[in-house]
Each structure stands twice: as structure tokens, then as C-alpha cells.
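Read off the chains here:
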Amino acid sequence: MPPVPKPPNAKSGRNRTFVLIGAVVALVVAALIAGSLLIGRGGGSSATPTPTDTTATAASLLSEIYQQGTVLGDPKATVTMLQFEDLQCPICKKYTDNVFPAIVDEYVKPGRVKIEFRGLAFLGPDSEKALRIAVAAGHQNKLWDVVEEFYAQQGQENSGWVTDARIDEVLAQVPGLDAARVKADAKTTAVTKEIVATEAQAKALKVPGTPWFYISRGLNAPVEFRPTALDPSVFRPALDQALTG
């Protein structure tokens, strides 16, 4: 698989976070460095944290929302938000915990906005292993359930936390999902092609890291959106503006 695009300073932990302003960025960068979140360095404890019991919350958030492949929400929604993510990325998890539920409740459930998952795997082998499972689950229109569960159980970066047992546990939390089929599909060239296509799109859009966002209306080209903080109030104006055209 061709390498995923990285910013020029690939050894910096900044290539998998988005730009945060002022004190927020200083705190985040310091936390990343202190936590040994530099690419290619495991650092710290290799122990996998005990999964948090968020399954009921994730299930209720996504219940009765239309899913098709990588898309969450009404396919007729006029506005689309692309989310480039790495399932090992701690900032992606923070976005998922702090912002994503509000966007789903306020924009996706009412049918105004649909969200498309764009999975990247540049942080390490655990990223690719989890991504292949998520993309394969998309063949059963359950990608978002699996993505949410991986974030709920996210472990120490590059610690080997995406074990076969962990995958079985994640898949078991998704009602109606054929786990055996997911694991078989994850090894196919079809999944590989989907991942490579996302890498090519990320390269074309010059995505520097994760999470990274693009918003489009109708058939218009996606426009980069750089939130200044991980708070729903920062996302609302951009989505509202797109909805009004």
C-alpha cells in the first residue's frame, strides 16, 4: 500500500492533530509530547487501558440513522462533511467524544448534513488493522458503529492494542453485524482499494494530519475547515453557512 501523505516534518507529533489556537494548541502539543505521541515511538506503558462502557451511548447516538458504506446520514442531505481520521489518533477520539454527538443530533439526525468517514492509517500497524476492520464493516453498512466502538476502546498508541481479541470484542458490540464476514472482508483487495483511494484523496487535498475536515454543498468541491477548538460551537457557524449556501 502506498504511504499515506505526511507533512514535511514527519517526526513531529503535530502531523496527526489539527490546528488549535492560543493556549489550546500549547496544551495539546505539550500533552502529546509528554505522552510520547511521536510517530515511530511507542513510549510509555504498553498496557492497554480497560475499555470504557460507552456502548449504550454509541448505540443510542447512531440508532435509526441511515448508513451506507462510509456515509452517515440522509444521502439527500445538501451538505457533506468529510472527516479524515486515524483510529489511533487521540485527538480524533477527543473530537468524537466532545463534538461528534452534537453534530449528529443537530445536523445529521434532522437530515440536513451527512458525514463521510475518511480513514487514514499513518500512526502505525494498529491504525491499519483497525481501519481495515472498520472499512469492511462498511460493506454491511455498520462502519460508524465499529468506528465509535474502536474510539471507545482506544488504547496506548502503537502498543499493539488492536489485537484479534479486541477486534472480536468490538464487533460483538454491534447488533446485526456478521463478525466472521467482516474479518474475511478486511483481508480482501476490495478493502485495500478503498483505503488506497482515501489515501489518494488525502494527498490530493493535501491533508496534513488527523482529524481534518472538509465541508461541501451539493456537487461543489469540498472546502477545508479548520476548527479552532474541539467544541460544537466552533463547528456550527461553518455548517450553518454551508446550509444557507
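A. Structural context of unusual backbone geometry. In this model, Thr-210 is joined to Pro-211 through a cis peptide bond whose omega is -5°. Here Pro-211 shows up in the loop between helix H9 (189-205) and strand E5 (212-217). Residues other than glycine seldom take positive phi values, yet Asn-141 does so here, at roughly 60°. For Asn-141, the location among the structural elements is in the loop between helix H5 (125-138) and helix H6 (143-152). The residue Lys-206 is not glycine, and still its phi comes out positive at about 60°. Summarising the element assignment, Lys-206 is placed in the loop between H9 and E5.

B. Here's a closer look at the packing of H6 against helix H7 (residues 164-172). Look at H6 against H7: their axes get within 9 Å of each other, and the N-to-C directions meet at 125°. Between H6 and H7, the angle is such that the two are oblique. H6 and H7 meet at a crossing whose hand is right-handed. Taking contact as the criterion, the partners of Val-146, Glu-149 and Phe-150 in H6 are, on H7, Ile-167, Val-170 and Leu-171. When the residues that make up the contact of H6 with H7 are grouped by side-chain class, the tally is five nonpolar, no polar and one charged.

C. Examining the pattern of salt bridges more closely. Tallied over the entire structure, the rule returns ten salt bridges. With its nearest N and O atoms 3.4 Å apart, the salt bridge here joins Arg-181 to Asp-185. Taken together, the positions of Arg-181 and Asp-185, both in helix H8 (residues 179-185) and four residues apart, correspond to about one turn of that helix. Take Arg-181: its relative accessible area is 38%, and that puts it in the partly exposed class. Here Glu-224 ties to Arg-226 by a salt bridge, and the two come within 3.3 Å at their closest N and O atoms. Residue Glu-224 is classed as partly exposed on the basis of its relative accessible area of 34%.

D. Quick peek at the side chain of Gln-140. By secondary structure assignment, the location of Gln-140 is in the loop between H5 and H6. In terms of polar contacts, Gln-140 uses its side chain to reach the backbone amide nitrogen of Asp-178, at 2.9 Å.

E. Quick look at H6. With ten of its ten residues buried, H6 lies for the most part within the structure. Buried residues of H6: Leu-143, Trp-144, Asp-145, Val-146, Val-147, Glu-148, Glu-149, Phe-150, Tyr-151 and Ala-152, and no others.

F. Molecular detail of the packing of aromatic side chains. The final tally for this structure, using the stated rule, is nine aromatic pairs. Seen in terms of ring centroids, Phe-100 and Trp-144 are 5.5 Å apart; in terms of plane orientation they differ by 5°. Their pairing is stacked. Pair noted here: Phe-100 is in helix H4 (residues 100-108) and Trp-144 is in helix H6, with a separation of 44 residues, a long-range link. Take Phe-100 and Trp-144: they sit in the same class, and that class is buried. Clustering of aromatic rings is evident, with ring pairs tying together Tyr-95, Phe-100, Phe-117, Trp-144, Phe-213, Phe-225 and Phe-235.

Reading guide: rules and limits
Residues numbered from 1 in each chain as written. Predicted model: local features only at pLDDT ≥ 70, side-chain atom pairs only at ≥ 80, totals over all residues. Heavy atoms only, no water. Helix = DSSP H or I, 4+ residues; strand = E, 2+ residues; numbered from the N terminus. Axes fitted to C-alpha atoms, helices over the stretch in contact; angles between N-to-C directions. Parallel < 35°, antiparallel > 145°, perpendicular 65-115°, else oblique. Left-handed = near helix turned anticlockwise from the far one by under 90°. Contact = heavy atoms within 4.5 Å. Nonpolar A, V, L, I, M, F, W, Y, C, P; charged D, E, K, R; others polar. Salt bridge = Lys/Arg side-chain N within 4 Å of Asp/Glu carboxyl O. Buried < 20%, exposed > 50% of the residue type's maximum accessible area, 1.4 Å probe, protein only. Polar contact = N/O pair within 3.5 Å; in protein donor to acceptor, adjacent residues only side chain to side chain. Phe/Tyr/Trp six-rings, centres within 6.5 Å; stacked < 30°, edge-to-face > 60°.

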